[in-house]
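# Tertiary structure, described
Here's the letter readout for the chains.
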Amino acid sequence: MATDIHRTIDAVWRIESPRLIGGLTRIVRDIGLAEDLAQDALVAALEQWPESGVPDNPGAWLMATAKHRAIDHFRRNTRLERKHEELGRELGAKEMAVPDLDSALDDNVGDDLLRLVFISCHPVLSTEAQVALTLRLLGGLTTEEIARAFLVPEATVAQRIVRSKRTLSEKRVPFEVPQGAELAARLSSVLAVLYLIFNEGYSATTGDDWMRPALCEEALRLGRVLAELAPQEPEVHGLVALMEIQASRSRARVGPSGEPILLFEQNRAHWDQLLIRRGFAALDRAEKLLAEKLGDAPGSYVLQAEIAACHARAHIPEETDWPRIVTLYAALAELAPSPVVELNRAVAVGMAFGPEAGLKLVNALTAERSLAKYHLLPSVRGDLLKKLSRFDEARAEFERAASLTRNIRERDLLLERARACVNRSTLHEPQ
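Numbers given for residues are sequential positions, taken from 1 along each chain in its written order. Note on the predicted model: pLDDT of at least 70 is required for a residue's local features to be given, and 80 or more for side-chain atom pairs to be given and counted; whole-chain, interface and lining totals, by contrast, use all residues. By convention in this description, side-chain values take in all heavy atoms of the structure and omit both hydrogens and water.

Further remarks concern the overall build of the protein. Runs of H or I in DSSP of at least four residues are treated as helices and runs of E of at least two as strands, each being numbered from the N terminus. Within the protein one finds 20 helices and 2 strands. The principal-axis extents of the C-alpha atoms in the protein amount to approximately 95 × 50 × 40 Å. For the protein, long-range pairs separated by at least 24 residues make up 64% of all intrachain contacts whose partners lie at least 6 apart in sequence. Residue exposure ignores everything except the shown protein chains as possible cover, and the areas themselves are Shrake-Rupley values with a 1.4 Å probe. For the protein, the exposed area adds up to about 21400 Å²; of that, 51% sits on carbon and sulfur atoms. Throughout, a contact is declared for two residues whenever any of their heavy atoms are within 4.5 Å.

Think of a salt bridge as a Lys or Arg side-chain nitrogen and an Asp or Glu carboxyl oxygen that are within 4 Å of each other. Taken as a whole, this structure holds 20 salt bridges when the rule is applied. The partner of Arg 14 in a salt bridge is Glu 145, and the shortest N-O contact between them spans 2.5 Å. Of the two residues, Arg 14 is situated in helix α1 (residues 2–28) and Glu 145 in helix α8 (residues 143–150); the sequence distance between them amounts to 131 residues. The buried label goes to any residue with under 20% of its type's maximum accessible area, the exposed label to any with over 50%, and the partly exposed label to all in between, with areas taken from a 1.4 Å probe on protein chains only. Residue class for Glu 145 comes out partly exposed when judged on its relative accessible area of 22%. Salt-bridge contacts for Glu 218 lead to Arg 221; the nearest nitrogen and oxygen are separated by 2.5 Å. Taken together, the residues Glu 218 and Arg 221, both in helix α11 (residues 213–229) and 3 residues apart, mark about one turn of the helix. For Arg 221, a relative accessible area of 29% corresponds to the partly exposed category.

Turning our attention to helix α16 (residues 339–353). When the terminal C-alpha atoms of α16 are compared, their 20 Å separation across 15 residues agrees well with the 21 Å that a helix rising 1.5 Å per residue should span. Buried residues of α16: Val 341, Leu 343, Ala 346, Ala 348, Val 349 and Gly 350, and no others. Where α16 is buried, its residues touch α15 (322–335), α17 (355–365) and α18 (376–387). Phi for Gly 354, located one or two positions after α16, is positive at around 105°. In this analysis, the expected span of each helix is defined as 1.5 Å times one less than the number of residues it contains.

Working definition: a ring pair exists when centres of Phe, Tyr or Trp rings (six-membered ring for Trp) sit within 6.5 Å. Plane angles under 30 degrees give stacked, over 60 give edge-to-face, the rest tilted. The full count for this structure, using the stated rule, is 4 aromatic pairs. Residues Phe 198 and Tyr 202 carry aromatic rings whose centres are separated by 5.7 Å and whose planes lie at 15° to one another, so their mutual orientation is stacked. Of this pair, Phe 198 and Tyr 202 are both found in helix α10 (residues 180–202), 4 residues apart, which corresponds to roughly one turn of the helix. Note on Phe 264 and Trp 322: the rings are 6.0 Å apart at their centroids and 50° apart in plane angle, and the pair reads as tilted. You can see Phe 264 sitting in the loop between α12 (234–247) and α13 (273–292) and its partner Trp 322 sitting in helix α15, a full 58 residues away along the chain. Overall, Phe 264 belongs to the partly exposed group, its relative accessible area being 39%. Taking relative accessible area as the criterion, Trp 322 reaches 10% and is therefore assigned buried. To sit over a ring, a charge needs its Lys NZ or Arg CZ within 6 Å of the ring centre and within 35 degrees of the ring normal. Lying across the ring of Trp 271, Arg 249 places its NZ or CZ 5.6 Å from the centre. The ring of Phe 280 is capped by Arg 313, whose NZ or CZ atom sits 5.0 Å from the centre of that ring.

A word on the packing of helix α14 (residues 300–313) against α15. As a rule, the C-alpha atoms of each element are fitted with a line to give its axis, helices using only the stretch in contact, and angles between N-to-C directions run from 0 to 180 degrees. Packing of α14 against α15 brings their axes to within 10 Å, and their N-to-C directions diverge by 165°. The pairing of α14 with α15 is recorded here as roughly antiparallel in orientation. In terms of crossing hand, the pair formed by α14 and α15 is left-handed. Seen from α14, the contacting residues are Ser 300, Leu 303, Gln 304, Glu 306, Ile 307, Cys 310 and His 311; seen from α15, they are Trp 322, Arg 324, Ile 325, Leu 328, Tyr 329, Ala 331, Leu 332 and Leu 335. Angular relationships are summarised with four words: roughly parallel below 35 degrees, roughly antiparallel beyond 145, roughly perpendicular across 65 to 115, and oblique for the angles in between. Two helices cross in a left-handed way if the nearer one is turned anticlockwise from the farther one by less than a right angle. They cross in a right-handed way if the turn is clockwise.

In this section: the side chain of Thr 320. Among the structural elements, Thr 320 can be located in the loop between α14 and α15. Polar contacts here mean pairs of N or O atoms no more than 3.5 Å apart (in protein, one a potential hydrogen donor and the other a potential acceptor; neighbouring residues in sequence count only if both atoms are side-chain atoms). Separated by 2.8 Å, the side chain of Thr 320 and the backbone oxygen of Pro 317 make a polar contact.

We call a pair of cysteine sulfur atoms a disulfide whenever their separation is within 2.5 Å. In the structure shown here, the tally under the stated rule is 0 disulfides. With no disulfide of its own, Cys 121 has Cys 216 as its nearest cysteine by sulfur position, at a separation of 17 Å. Residue classification places Cys 121 among the buried residues on the basis of a relative accessible area of 2%.

The subject of this paragraph is the confidence of the model for the protein. Do not read the predicted coordinates in detail wherever pLDDT is low. Summing up the model confidence of the protein, the mean pLDDT is 88 and the portion of residues at 70 or higher is 90%. Confidence of the prediction at every residue is given by pLDDT, a number between 0 and 100. The model gives residues 93–107 a pLDDT under 50, and that stretch makes 22 contacts with residues more than four places away or in other chains.

You can see Thr 65 is positioned in helix α3 (residues 58–75). Among the polar contacts listed, one links the side chain of Thr 65 to the backbone oxygen of Trp 61, at a separation of 2.9 Å. With residues near it in sequence (within four places) discarded, Thr 65 still touches Ala 41 and Ala 44.

We now examine the nonpolar core. Buried Ala, Val, Leu, Ile, Met, Phe, Trp, Tyr and Cys residues that are joined via side-chain atoms within 4.5 Å together make up what is termed a nonpolar core. In this structure, Leu 20, Leu 24, Val 28, Leu 116, Leu 135, Leu 226 and Leu 239 are the most contacted members of the largest nonpolar core, which totals 91 residues. Leu 343, Ala 394, Phe 398 and Cys 421 belong to the second largest nonpolar core, which has 18 residues in total.

Another aspect to go through is the packing of helix α7 (residues 127–137) against α10. The N-to-C vectors of α7 and α10 enclose an angle of 80°; their axes lie 10 Å apart at closest approach. Looking at the two axes, α7 sits roughly perpendicular to α10. Within the contact between the two elements, α7 uses Thr 127, Gln 130, Val 131, Thr 134 and Leu 135 and α10 uses Ser 189, Val 193, Leu 194, Leu 196 and Ile 197. Here the contact of α7 with α10 is built from residues that sort into 6 nonpolar, 4 polar and no charged. Under this grouping Gly is polar, as are all residues other than the nonpolar Ala, Val, Leu, Ile, Met, Phe, Trp, Tyr, Cys and Pro and the charged Asp, Glu, Lys and Arg.

Of note, Ala 281 is situated in helix α13. On the basis of relative accessibility, which here comes to 48%, the residue Ala 281 falls in the partly exposed class. Here the alpha-carbon distance between Ala 281 and Val 152, two residues 129 residues apart in the chain, equals 36 Å.

Below, the structure written as structure tokens:
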């Protein structure tokens, strides 16, 4: 029974903690204090709910408890009078009590969450700090869970979170949604953080597992929340569409023993059609918003979602519209030029127009210094060489790729592909 209650409390916390911390931050104007107060409320729930039962409105109970903790905090503070006045203005009260908690907070829930999104991804913080804080404040993950997800020491994550809150306080970062040009710049940072979290779950950079589904699920959940908070932003819906469609392949990407299964070898019957439909709906929403904005050009996430949609529409690999994907990568390269985009475009060109055409583009990237230790460059080159029956060269490329990756599952796959090239090379030797 107690175990069931604790599971319920954990589920409630994951759902309610962002709203709780957001509402408290608006009231106390200190994100570190807000999280401490929220944690105090969680401890109180863990102590009381096993005896009293889960309240009918657990979110309101947590908020009321945290609010009373805030009052106690300021009563002990020498700045009582000033804080008293601030609380009074925020809550419309003239005494240290909560007259109507729901009406004081419900109207601001959406705004509070949106503010929390932007403060978690504020540019005064490093990318690593933004990721940790986002997962902690908006994902409700513990320090241990974040550390385990990214395979870093728990103390490292704890330091990042503490420093982040201290930095936000010292820099007096306002708890607000930015406006104008700053909004676009900050939204780009928010989307980049969610995308980074999703990608780390989708293709883990290090460790024993090919995927970390919990990170994909968390990024997707936060993306859906952001889409409801910023419904007029095409790139938000584009990112959600991309994540929905990519996540649809999760079950098909991993074999029974955890081994990776590449795109062309996946059983597409195992792709999640519900997630694909959700992805198509989000992409349609993004495209309609772009049309309403007098034909604005799609951003990078919309373009990537359209590429993912091309794969999702193909029931078998041979049905994939590779010329369309080449065109989309060309648009993406023009909008956000990078060697990685060019490498992906080379793959698409190889599929659409033959491996020789793709290899020509890949060879041009071998001098790119930023790709010198990027394992996917030799991996792609090896694949194209293999298709051209240049097996010895392909084997060397797969072995180089294996030496560069830090993911054990991916290393095993690349070494297996290298061994396959040795066997094929033997078959092609003159008799």
